[in-house]
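Remarks on the overall topology
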Amino acid sequence: MNIYFFWALIAFLFLSQVFLLGALSLRKLLMNHKEKTISQQYDRLTESFSSYMMDPTDDRFLKEIDTVSNQSVVLERLLNHYVAITKGSVTSSQVSQLSEKYLTERYKKQLKCNNWAIRMNTLYFIEDFHMKSLSPLLKKKLQKSFRLNLETQQLIRTLTSLNEPMTLSALARYADAPVRLYIDVFKRLELDIQLEELDAALKHGHNNKVLKHAAVSYIGMTGLMGFLPRIEEELLSDDEELRIQALKSIQHLQYISSPSLLIPFFHSTSWQERMFAARIAGKLQLSRFQEVLSELLGDSVWWVRYSSAEALTQFADGDILLSHLSATHPDRYARDMATQWEASLLGSEE
Amino acid sequence: MNSFFLILSSFIIAYLLFSSLSYLGLFALAFQKVKNENNLVHRESTEVFLRNQNTYPVSILVPAYNEEVGVVSTVRSLLALDYPQKEVIVIDDGSKDMTSAEMIKEFKMVQIPFAFRTHIPTAEIVAIYQSSIFPYVRLIKKANGGKADALNAGINLSAFPYFCAIDGDSILENDGLIKTMKPIIESDGQVIVTGGSVRIANGSTISRSKVEVVDLPRHPVVIMQIVEYFRAFLIGRLALSQLNILLIVSGAFGVFNKERVIQAGGYNKNTVGEDMELVVRLHRLLREEKSKQRIEYVPDPVCWTEAPESLEVLRSQRIRWQRGLFETLWTHRKMMLNPKYGAVGMLSMPYFLFIELLGAVFELLGYFMIFGGFFFSLIDPNVALVMFVVTILYGSLISALAVLLEELTLHKYPRISHLMRLYFWALTEAFWYRPLMVIWRVQGIFAAFHKKAHWGDMKRKGIST
């Protein structure tokens, strides 16, 4: 290899870069121009769009959107912005109608696109816009999927949001399906179907433990008090993880029909069970357990000590109790923990 | 003698060519992932975790030494983060200024006798404070022990299973934490460390943890650092992460599984590269346990930091980085080319030794050869010329390519003038910036023999308005 080879190499790389720089600059110019046009169109349509969303009889927007060159992009942005602002509070039939009319064909193509991110975005938008007409296509896609990768997970979420409870059975096909995904599915189901599915999950949980864990967890998260007796039944389960989930749910539900159900957990060999029992006793202000909480303040596990002290702060006489325990508890660590929480109470009053 | 110089110069030429090609190879590995991730609508992909009670809570650790100017705004930006459950722990590592006083005043903090666990021994804890406005904001006042020691103290006090270490002068974007936690949540804990892309904030307008206007700074030294970050993050880190052999998670921002870090013994106080050293130790732990857990990198920028504008500060920063790299590789030399440590031992460690560490030595030799060839007839001027040409290839053209690749994938700088300026300065790299780096990096290797851990001081102007 002589000097000419290296000069040629440099020249080749430099010229390729100059060519690439030119191409990228041109692309940037076009992209910026397009973006500017889209932004202008977006701004121009915002007023009539808002008006249409509040009062569908004002159809100025429908006429205007038909004249816009970047129709689907502008509409997608308007709808996305609207959904982001109103999410969880308002469900609008106009969102579905507009998206079904103007975006269906585009999304059908995008779902087959090679770019993973574009397919994922499309799934998010279909979910946000409640585009039911795409349900059959998504179902087919789910049938063809054999791995529970991120795309399949989002596919399941999207399909569920279109009220397709079949996703629970589809999810059961995957042995590695995580609890959080089942919870995401429950969260997206319409209330009546959701209650049915939760009931079935609790009844037939022995077939699918992950599903049952998710159901118990979800009931606690959303405060579905009607399921309390069923959750309390799970406190007697042989499955430790399920008992822990049930305790966690009771903590969230903030109610227990018979406080004595908690007694075995204060002395459980599992520290998580002791910790949740302590937390529940505090949250529900079960003063009969003050003594056992004082004992747990000297537990061998830091989290149990921490939760017991925190529980004691929930009682009206918590400050006095903690002050007493910080001076007299036989365990050094328990005294430290009581002192910390006593001081923390004082701090919060200042 | 002449043949000796000829062999040496041929070796250096081959080395520089190999390095250049290795950068290209690494980028080829990372290209698709960068491009895909960049197209993703992040609000959509993260909001599912924001509303989920099962999203792991995170302790945010902010080690601070003489940070009175920025510590309050940093904590305020952390309080504004979109994340379901978090606590913020500032660790004042024996500051000589008003760092603690500012925190105590601003957040109405009261001293509490905190019953924390000493997982890792640290320098003496002087006092622990808790905010009476935000009970989950705490301050540890401790004797000076260095950044690693401060982080270890934060780990001891933290309550949650994951912690995020962030520099006091960095600004995390509102959705930065959830984006970085995403791979951990999605993998159900199989990912134990995630590092996010760090971007240079100089020139841009940041307000309330949000980048309002992305712009380039005027100072060429800072522009060159931006180009360098492109190359490091876009080419190096992402590709290594794809292979699960990433050895560096930026000290400015990273999320860690606390239990694993404690198991590994916490941050090492005897090195200035504590961030890299910890990641290598975690890799070592995983390989020795034959664990399938992994370390990942998030290409999307999540954190903004202030780059040094003066050559003096830049010099001390680079010496510190190089010294940290040397110390880490030396500490874990057992892993080098050891098949027991899989791809980390066989690929990643040699890559960091030969490309990242010794690259500076080879380049310095190359400069000697070039000058020697021209002025002292040590080698044939033609060979010196070849070396000069290859040095340009290695420095300027690869950096210019990194700029173009950034534009091809992420295109975060909005104007064509940005692209042109970045490209132009990248082309000049071999003629001024790179020789400076080479000298400082070689100094860094020598500095590794003087053991004294200290904080990397830098005069802050502040990046958030």
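Residues numbered from 1 in each chain as written. Chains lettered and ligands numbered in written order. Predicted model: local features only at pLDDT ≥ 70, side-chain atom pairs only at ≥ 80, totals over all residues. Heavy atoms only, no water.

**Re the UniProt feature "domain: Glycosyltransferase 2-like" (unreviewed entry) in chain B**
Feature annotation in UniProt places "domain: Glycosyltransferase 2-like" (unreviewed entry) on residues 59-107 of chain B, given in this structure's numbering. As annotated, residues 59-107 of chain B comprises 35% helix and 29% strand, and the C-alpha atoms at either end are separated by 18 Å. (UniProt positions renumbered as here; feature names shortened; annotations may be inferred. Helix = DSSP H or I, 4+ residues; strand = E, 2+ residues; numbered from the N terminus.)

**Looking at the UniProt feature "transmembrane region" (unreviewed entry) in chain B**
All names here are of chain B. The UniProt record annotates "transmembrane region" (unreviewed entry) at residues 6-31, 234-256, 351-376, 383-405 and 431-450. End C-alpha atoms of residues 351-376 are separated by 34 Å, and the span's content is 96% helix alongside 0% strand. With 75% helix and 0% strand, residues 431-450 has its two end C-alpha atoms placed 31 Å apart.

**As for the pairing of strand β4 (residues 125-131) of chain B**
All names here are of chain B. With respect to burial, β4 is a largely interior element, five of its seven residues being buried. Of the strand pairs in this sheet, strand β3 (residues 109-111) and β4 are connected by three bridges, and their pairing is antiparallel. Bridge pairing in β4 links Met109 to Ser131. Hairpin connection between β4 and strand β5 (residues 137-142): a loop of five residues separates the two successive antiparallel strands. (Buried < 20%, exposed > 50% of the residue type's maximum accessible area, 1.4 Å probe, protein only. Pairing = 2+ DSSP bridges.)

**Some details on the packing of aromatic side chains**
The relative placement of two aromatic rings is captured by the distance of their centres and the angle of their planes. Following the criterion strictly, the structure yields 28 aromatic pairs over all chains and no others. Ring plane angle 70° and centroid distance 5.2 Å describe the contact between Phe49 of chain A and Phe61 of chain A, whose orientation is recorded as edge-to-face. With Phe49 of chain A in helix α1 (residues 3-54) and Phe61 of chain A in helix α2 (residues 60-65), this pair connects stretches of sequence that are 12 residues apart. A residue is classified by how much of its surface remains accessible, and Phe49 of chain A, at 4% relative accessible area, is buried. Centroid distance Phe371 of chain B to Phe375 of chain B: 6.3 Å. Interplanar angle 10°. Geometry classified as stacked. One end of the pair is Phe371 of chain B and the other is Phe375 of chain B, both in helix α12 (residues 359-376) and four residues apart, which spans about a single turn. A relative accessible area of 60% places Phe375 of chain B in the exposed class. Put simply, the rings of Phe49, Tyr52, Phe61 and Tyr82 of chain A touch in pairs and so form one group of aromatic residues. Across the ring face of Tyr333 of chain A, the terminal group of Arg332 of chain A is positioned such that the distance to the ring centre comes to 4.9 Å. (Phe/Tyr/Trp six-rings, centres within 6.5 Å; stacked < 30°, edge-to-face > 60°. Lys NZ or Arg CZ within 6 Å of the ring centre and 35° of its normal.)

**Thoughts on the UniProt feature "transmembrane region" (unreviewed entry) in chain A**
UniProt marks residues 6-26 of chain A with the feature "transmembrane region" (unreviewed entry), using the numbering shown here. Secondary structure content for residues 6-26 of chain A is 100% helix and 0% strand, while the C-alpha to C-alpha distance between its ends is 30 Å.

**Brief notes about the side chain of Ser9 of chain B**
Residues and elements named next belong to chain B. Counting through the fold element by element, Ser9 comes out in helix α1 (residues 2-39). Polar side-chain contacts of Ser9 include one of 2.9 Å to the backbone oxygen of Leu6. Here Ser9 is in contact with Met369, Ile379, Val383 and Met387, once residues within four sequence places are set aside. (Polar contact = N/O pair within 3.5 Å; in protein donor to acceptor, adjacent residues only side chain to side chain. Contact = heavy atoms within 4.5 Å.)

**Some remarks on the pairing of strand β6 (residues 162-166) of chain B**
All names here are of chain B. In terms of burial, β6 is largely enclosed, as five of its five residues are buried. Burial along β6 is two-sided: the face carrying Tyr162, Cys164 and Ile166 and the face carrying Phe163 and Ala165 are both buried. Pairing between strand β1 (residues 58-64) and β6: four bridges, direction parallel. Paired with Leu61 across the two strands is Ala165, which belongs to β6.

**Brief notes about the state of the cysteines**
Tallied over the full model, the rule gives zero disulfides over all chains. With no disulfide partner, Cys164 of chain B has as its closest neighbouring cysteine sulfur the one in Cys303 of chain B, 8.3 Å distant. (Disulfide = S-S within 2.5 Å.)

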